Structures are given as C-alpha cells and as structure tokens.
Amino acid sequence: MRYKVIYNTDNHYTDVVREAIYDLLVLPTTDESQTLLFYNTENSIKEKPTLYKNTFGFDVFRIRTAKPFETFSFRMEAEVAVKEVNPFDFISLPPEEERAILNSEAFKIDNFLFLKRTRYTHLSDSNKKKIPNLDKSKSVFNFLLELNRYINERIDYCTLSTDVYTTADQVFELGKGVCQDYAHAFISVARENQIPSRYVSGYLNPGEGLIGSLFMHAWVEALIPGVGWKGFDPTNNLLVDENYVKVAHGVDYNDCAPIKGVVKTNGKVETQYLVQVSQEQQ
Amino acid sequence: MFNRTGKPKKHYQKVANFFSKMSKDEFLELNNHTKISFMYQGVTFTVYSEKEGIERIFPFDLFPRIITQREWEKIERGLVQRITALNLFLHDIYHDKKILKDRVIPYDLVLESPHYNKEMINLEPPGGVYTHVSGIDIIRHKDGEFYVLEDNLRSPSGVSYVLSNRSTMKKVLPNIFFHYEVSSVSDYPQQLLAMLKSVAPEGVDEPTCVVLTPGIYNSAYYEHTFLAHNMGVELVEGRDMFVDNNFVYMKTIYGPQKVDVIYRRVDDSFLDPLVFKPESLLGVPGIMAAYRAGNVTIVNAPGTGVADDKAIYAYVPQMIRYYLKEEPVLNNVPTYICDIEEDFNYVMDNMEKLVIKPVDESGGYGILIGAMATKEEIETYKNKIRRNRRKYIAQPIMTLSTHPTFIEESGKFEPRHIDLRTFLLYGKDFKYPLKGGLTRVALKKGSLIVNSSQGGGSKDTWVME
C-alpha cells in the first residue's frame, strides 16, 4: 500500500514571537513493515529544518529562529510504502514458555523501559483491582486481543473530554477519551501484567472509516515473547496492518508528541492541525 | 590530633604550640581579621529556609586539620579506585547492563531509580566519562580508619571554600602556615579547566568551556562565579545560550560563539525544556539532542544521580570487585539492605544499634535512630520495613572523629565532630584528586551534623607533602 501523507500545523500568536525552537516528530519512519520514499517540508518562517534522531532513533525536524514572527506554519508531505501483512500470521509459543520468558530477569532487564510505569501509565490500587489479568492458560496474544476489546468497550470515543495531560487512571474513571487515552489505558494494563508495551504515533488510511484518520493517530505495540512487537489499536479494536503508517514509538505520549516548542512571546497561541492521508495507486 | 597519651601528634605540634602561646584577646583579634577577610572576598552561602535569600559568611575555624602524607596516599588511591568503578558502572547501566544481568546489583533498584535517565541510554558521552567532578564525603571512625559516608556525583559544591579557606589562612597566619610543607590547592581551577578540555567533543582542538549556573538565587552561586572567574571562562545562564543546527552557542556582543564543554550546575530535569520539564527556564532548549549528536559535552553527564543514591552506595564495594577485580581501598560504612533476608533479620533484631534510612529520601527525612527511639516507634518502623523491604537500608551509628575547634561562647578550643569532603576531577586520561578538601565541623556540642545549612563550619585542611 502506498500513501501520500500531509501534515500541516498553523500556530498563530497574539503577540510577536522574538525567538523560537520547534521539534516536529511527524515523519513516517522506515522499518521492516514500511519504507519512507520521499518527503518535503515548508515553513512560514523560512528557516531550514535540521533533522536529528531522538532517544529512540526516530527522526525529528527541528526549526529555530531568532527573527520576529507572528505565525508559524509547517507543512510536510511524505510518501510511504507499507507492506501488506496478515497480523494473525505467526506462531505463538506454548503459554507456559511465554510465561517463563516474561518472568525471566534478563527479559525484564532488556525491556524495562516498556515495563516501567510512567506518569501517564501508572494505575491506582483501586483501578488495578478492576483490570483484566493474564491467566495461566491463556496465550499472551489472546490476552492482548481481549485487552484490545476490553479497552475499546470500556472507553467511549469522545473528543474534548480529555487533554494531553490525562493519565490512564483518569481515563478509567472518566470512561471516555481519544486515541491517546485508549493507548495509555492499554499500556497501563499490559505493563501491570508484565508485558512490555509502547506508545506509537502515526497516520491511518482514511479509506477504511477508522476513527482517528483525520488526525495523527495513536496505538500500541506489545512484545509477545518469542514473536516480537505486535501492533494493537484499541480505539478501533483492530490489529495493526497495512492501514497504519508509523511515525515513532516511546514509553508514552511524551516521547511521541508531534510538536514541541519553546517560544519567547508574551501573548497566547492558537493552533490548528490538519492531517491528510491519501492512498496512491501503485 | 592527639595521641593516646593526650599529647598532640607529631605533625600537630607546631600548630598546637603556636595557639597555646597566644592570649585569648590575641586570638579573638585574629578571628575577627579572618571574618573581615571572608567578607571582603565575598565568600558567602545562602540559607534557603529563610524567607528572603540571606547570604552568610561560612563560619571558619582557624585551627587547621592536618592529614599526613601516608594517610592521604591511601585516601587518594581509594577515591580514584571508587570513581573509576562508578564511571564503569554508569556506562554499563546505560549500555549492556552486565552488572545487573550478572545479579551483582538488583536490577530494579537501578532501573526503577528516579535518577535513571532514559535519554542517556546508548549515548556515548564525549571522552567516555560520566561523573567528572565528584565530592566524596569521608569520615574517620573511632577505629582510626577512614570510611566513605556518601558519594556526591551530580553537582557537588564546596571547593570554592577550600580555596578561600586556604588563601585566608595564608593571610592571617603566614608564620605558622609556612612552617609546614602543605600541598597546594590553588591550582584546582586550572586543573578543572584542563579536565573540561580533556573531554571536549572529538575534533575540537581549542574548546570553549563555560560554567552554567541556575542564577543568583542558587545557594552555590558564589562558587559558580568563583570557578568561572578563576578558570577565565564565561559564567552563563540558560538564556545566554541557544542551540542551532545541533550545536550550542552563547550569545556574545560579537555574535554567537560555539560552546563545546558545559560545566553545568543545573539539575538534570531543568537542562532541556524540550525533553525534561517543559516549564523550566534554567536550561537550553535542544541541548540534549546536541549532546546526543556528540557536539557538546555536559559535565557531569545527566543521569549520574542513579549512582549516588543511598541503596546503590551499598553496592560500590561490589562494583569495585566486579569491574576492577580489586579489593576496595576505602571502606564503606557497613550497610544492611533490608531486601536481603539475612540483613533483614539482623536489622529486625538490632534496631537499637542502627540508623535506618529510606533509600529514596534525602535531607534526613524518614530516618530512625534506633538508640533514640521509643519501643512503639521501633515497632511502627519495623512494620514499615516489613511492608516495603526494598525501601530501607540500615547502618551502625558511626562516631565521627573530633578536632579542637574554637568556640566563641566559651572562648576556648573544644572538641567538635568533623568530616571531610574530598574533590576529584576525572577526565579523559586525566585524574586529579585535590590534595586537601573541605573539613566540615559541627559547631554544636555533641552534634554529628556538619552541614553548612545546619550551623556547621569549616577548617582549612592540610595535606602534608
């Protein structure tokens, strides 16, 4: 599957900005399931972006200026090819072997970053009691499938009910949220069950009627012992396939925020985003 | 300073004679000179607990502490050994994690530490060093042996007082000072600069070094200005620098100037608002990416705090054996880790003899001194330990050695407890233990607390040539 992705952000400041630095984590990555073919960027302040790799090795555009401005617009166009896969096409280890790996010290040390509770993925004791638990007879994959459905049913999709600071705990209390909240909720339960899991940001194929295709989307990758990282999208109760274009992963939203900036101004900002993804003919 | 018969030890005789010949009035006059000298030099510290920042003179005691060459030689060997192992440990836990996989240290103790900094994973700091400037606190126990009390590996303060104490001493008591062959401390700033240059990013021949301060409200601001001034480098705040094209620049009246090495006295979490606390104004936005790209050196490296936590401290002797295949030269204070069955049982049976500390608290919070606690307090505390054994360590009560110190109220020299903060610079093929240190004195009778913020003072520390 080939996609053309356009990411656009407009930031209008009520007061002049004297100095600014922006980091944009929006470029599709290249890995075993997708290849970035082409990209191009433009911005309204006419500074050339530099590209650098973040902690997890993903490319970030950085733009800095010391010239005054009132509007910062950034537009990226990228083309990416995604391999077609059947997400069910793999062989699981027997549950007891999976369990032995999950419980081994070396596995926990190698994957500790995705097992560690963060501000977003920490659960209160009362929420811990209510969440599903991996029982002995179940394979990790089947448990994660159930978890995907559980999160999907437990949370109602509702924009503006949460913000970028909402934690998994709060999402379980509220029972509603957006893709980022579904992802944090999924991650918090998976980690509680000692299954390494990471937050993923990216884009969705708009032709499939999936929730989240008008914005940057968020989903989860969980590590299945003996198999590898598998993508789960609790917002849509689906497994990740060729309809998903990955940008980056991290321990939680904070590692994947599409735009971060430090801006010297006395005024306020109004921000707009636009994401357009179109499927291209091969 | 006294031997078993109560006479001054050989190396203290001249000092003791000198002071014994002096009348009380003569001494008081000398003491006043000293205070004025500190005032003129501007050697002060700020006490945070006051509502408004109040700068004070750091109380200074004229009676020097003398360390013989033989004693010092061992301390120095021990410090270098310790820092070498700690640097290897820091590299290991941000790369292969061998020491954790080999079960020498419990992995969760390290990886769950709030100071474990994920931005440092797989990052190669220029020069290969993590903790370049360390301040290791040492005490002498009643058994005559030196023990390491604490490793300060992030941003240890106090070296400016060592240098100011010395210059005051030379001014006020020249006749006694020059009777001794005292090792010089005055080249510390130049050695610090040489160390900073040794860890400059690769390919930079004439590195530009700066001192990064959080600003005038920081308690150690005096020291930041002192070091920058004496090294002849710029003292900067975060707002004086910016990152462009993954390089760090400072703003000067001649335009931007590239910065290669930053001796930062700003905490990790304030270094880069794009990565850590977004609301922080003390750091430089974008600096972590420039660091990861190898374009700038940060001294000390972020994430070193994981190696100076109280529980990790307990494992430093094991680190020395693991990485260096050597026995530790300096002792640790024996530490019982409640998470270990045997230690736990010992702690439960011997609470009265021990000081029990939570591993993740600082400032003395949550500490129980067994000998001073009631039965109920001990029982309550035992339950706390049972509920979360990983959180507690215990140590026997150490008796800090005492040293004659002039006490203004009594107008006499009286014994007071002391410790020693040492300073070690560690760069690329570069090791410099400062021959001296900050001897801190508990000015209150019987007190074991030597911290300046709690009414402690200091002494000039003479290491014999």
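Computed from a predicted structure; not experimentally measured.

**Section: the overall build of chain A**
Piece 1. When its secondary structure is counted, chain A shows seven helices and 15 strands.
Piece 2. For 282 residues, the compact-globule estimate of 2.2 N^0.38 gives 19 Å, and the C-alpha radius of gyration of chain A, at 20 Å, lies within 12% of that figure.
Piece 3. Dimensions along the principal axes, computed over C-alpha positions, put chain A at roughly 60 × 45 × 35 Å.
Piece 4. Split into buried and exposed, the 282 residues of chain A put 56% on the buried side.
Piece 5. Pairs at least 24 residues apart make up 74% of the contacts formed inside chain A by residues separated by at least 6 positions.

**Section: the overall build of chain B**
Piece 1. When helices and strands are tallied, chain B shows 14 helices and 23 strands.
Piece 2. Over its C-alpha trace chain B gives a radius of gyration of 23 Å, about what one expects of a compact globule, namely 23 Å for 465 residues.
Piece 3. Dimensions of chain B, computed from the C-alpha atoms along their principal axes, are close to 65 × 60 × 45 Å.
Piece 4. A total of 465 residues make up chain B; the buried ones form 57% of that total.
Piece 5. For chain B, the proportion of contacts with a sequence separation of at least 24, taken over those separated by at least 6, is 68%.
Piece 6. With an accessible surface of roughly 21000 Å², chain B has 50% of that area assigned to carbon and sulfur atoms.

**Considerations on helix H3 (residues 69-93) of chain B**
Piece 1. Here H3 of chain B contains 25 residues, and its C-alpha end-to-end distance of 36 Å stays within 8% of the 36 Å for a straight helix at 1.5 Å per residue.
Piece 2. Among the 25 residues that make up H3 of chain B, 18 are buried, leaving the element largely enclosed by the rest of the structure.

**Section: the environment of Ala 228 of chain B**
Residues and elements named next belong to chain B.
Piece 1. Inspection of the secondary structure assignment puts Ala 228 in helix H9 (residues 221-231).
Piece 2. Using a relative accessible area of 3% as the deciding quantity, one classes Ala 228 as buried.
Piece 3. Other than its neighbours up to four places away in sequence, Ala 228 contacts Val 211, Val 233, Glu 234 and Leu 235.

**Re the interface of chain A and chain B**
Piece 1. Across the contact, 24 residues belong to chain A and 24 residues belong to chain B.
Piece 2. Between chain A and chain B lies a buried interface of about 2200 Å² when both sides are counted; carbon and sulfur atoms form 59% of it.
Piece 3. Run the count over chain A and chain B and you get four salt bridges.
Piece 4. A salt bridge links Lys 101 of chain B to Asp 110 of chain A; the shortest N-O distance between them is 2.7 Å.
Piece 5. Of all the secondary-structure elements, those providing two or more residues to the side of chain A that touches chain B are strand S2 (19-24), strand S4 (50-53), strand S5 (59-65), helix H2 (105-110) and strand S14 (259-264) of chain A.
Piece 6. Along the lines of polarity and charge, the residues of the side of chain A that touches chain B split into eight nonpolar, four polar and 12 charged.

**A word on the domain arrangement of chain A**
Residue and element names in this part refer to chain A.
Piece 1. By domain assignment, chain A separates into domain 1 (2-83 + 257-279) and domain 2 (95-255).
Piece 2. Of the residues lining the interface, 23 residues belong to domain 1; the matching set on domain 2 comes to 22 residues.
Piece 3. Taken together, the two surfaces of domain 1 and domain 2 that pack against each other cover about 1800 Å², and 61% of this comes from carbon and sulfur.
Piece 4. For the pair domain 1 and domain 2, the number of links is zero salt bridges.
Piece 5. Our count for the contact surface shared by domain 1 and domain 2 stands at eight residue pairs in polar contact (both at pLDDT 80 or more).
Piece 6. For the side of domain 1 that touches domain 2, the secondary structure elements donating two or more residues are strand S1 (2-17), strand S6 (69-82) and strand S15 (269-280).

**Regarding the packing of aromatic side chains**
Piece 1. Counting across every chain of the model gives 37 aromatic pairs over all chains.
Piece 2. Between Tyr 120 of chain A and Tyr 253 of chain A the ring centres are 6.2 Å apart and the planes differ by 80°, which places this aromatic pair in the edge-to-face class. Separated by 133 residues along the polypeptide, Tyr 120 of chain A in the loop between H2 and helix H3 (125-130) and Tyr 253 of chain A in helix H7 (residues 253-256) bring together distant segments of the chain. Accessibility classification places Tyr 120 of chain A together with Tyr 253 of chain A in one group, the buried group.
Piece 3. Through pairs of rings, three or more aromatic residues link up here, namely Tyr 12, Phe 18, Phe 19, Phe 27, Phe 63, Phe 406 and Phe 413 of chain B.

**Focus: the side chain of Arg 166 of chain B**
Piece 1. Mapped onto the fold, Arg 166 of chain B is located in helix H6 (residues 159-172).
Piece 2. Setting aside residues no more than four positions away along its own chain, Arg 166 of chain B makes contact with Phe 177, Val 182, Ser 183, Ser 184, Val 185, Asp 460, Thr 461 and Trp 462 of chain B.

**Observations regarding unusual backbone geometry**
Piece 1. Geometrically, the link from Val 299 of chain B to Asn 300 of chain B is a cis peptide bond, its omega value of -10° lying close to zero.
Piece 2. Mapping Asn 300 of chain B onto the fold places it in the loop between strand S12 (297-299) and helix H11 (310-313).
Piece 3. For Lys 46 of chain A, which is not glycine, the phi torsion reads 60° and is therefore positive.
Piece 4. Here Lys 46 of chain A lies in the loop between strand S3 (34-43) and S4.
Piece 5. Residue classification places Lys 46 of chain A among the exposed positions, given a relative accessible area of 69%.
Piece 6. Of note in the backbone geometry, Arg 103 of chain B takes a positive phi value of approximately 60° without being a glycine.
Piece 7. Along the chain, Arg 103 of chain B turns up in the loop between helix H4 (98-101) and helix H5 (107-111).

**Comments concerning the pattern of salt bridges**
Piece 1. One pass over the structure, following the stated rule, counts 39 salt bridges over all chains.
Piece 2. Between Lys 251 of chain B and Glu 19 of chain A there is a salt bridge, with its nearest N and O atoms 3.2 Å apart. On the criterion of chain membership, the pair formed by Lys 251 of chain B in strand S9 (residues 247-252) and Glu 19 of chain A in strand S2 is interchain, its members lying in two chains.
Piece 3. Between Glu 119 of chain B and Arg 292 of chain B there is a salt bridge, with its nearest N and O atoms 2.9 Å apart. Taken together, the residues span a long stretch of sequence, with Glu 119 of chain B in the loop between H5 and strand S4 (133-140) and Arg 292 of chain B in helix H10 (residues 287-292) at a distance of 173 residues.
Piece 4. Residue classification places Glu 119 of chain B among the buried positions, given a relative accessible area of 7%.

What counts and how
- Residues numbered from 1 in each chain as written.
- Chains lettered and ligands numbered in written order.
- Predicted model: local features only at pLDDT ≥ 70, side-chain atom pairs only at ≥ 80, totals over all residues.
- Heavy atoms only, no water.
- Helix = DSSP H or I, 4+ residues; strand = E, 2+ residues; numbered from the N terminus.
- Rg over C-alpha atoms; globule rule 2.2 N^0.38 Å.
- Buried < 20%, exposed > 50% of the residue type's maximum accessible area, 1.4 Å probe, protein only.
- Contact = heavy atoms within 4.5 Å.
- Areas by Shrake-Rupley, 256 points an atom, 1.4 Å probe, with all protein chains shown as cover.
- Expected span 1.5 Å × (residues − 1).
- Buried area = accessible area lost by both parts, 1.4 Å probe.
- Salt bridge = Lys/Arg side-chain N within 4 Å of Asp/Glu carboxyl O.
- Nonpolar A, V, L, I, M, F, W, Y, C, P; charged D, E, K, R; others polar.
- Domains from an automatic or database assignment.
- Polar contact = N/O pair within 3.5 Å; in protein donor to acceptor, adjacent residues only side chain to side chain.
- Phe/Tyr/Trp six-rings, centres within 6.5 Å; stacked < 30°, edge-to-face > 60°.

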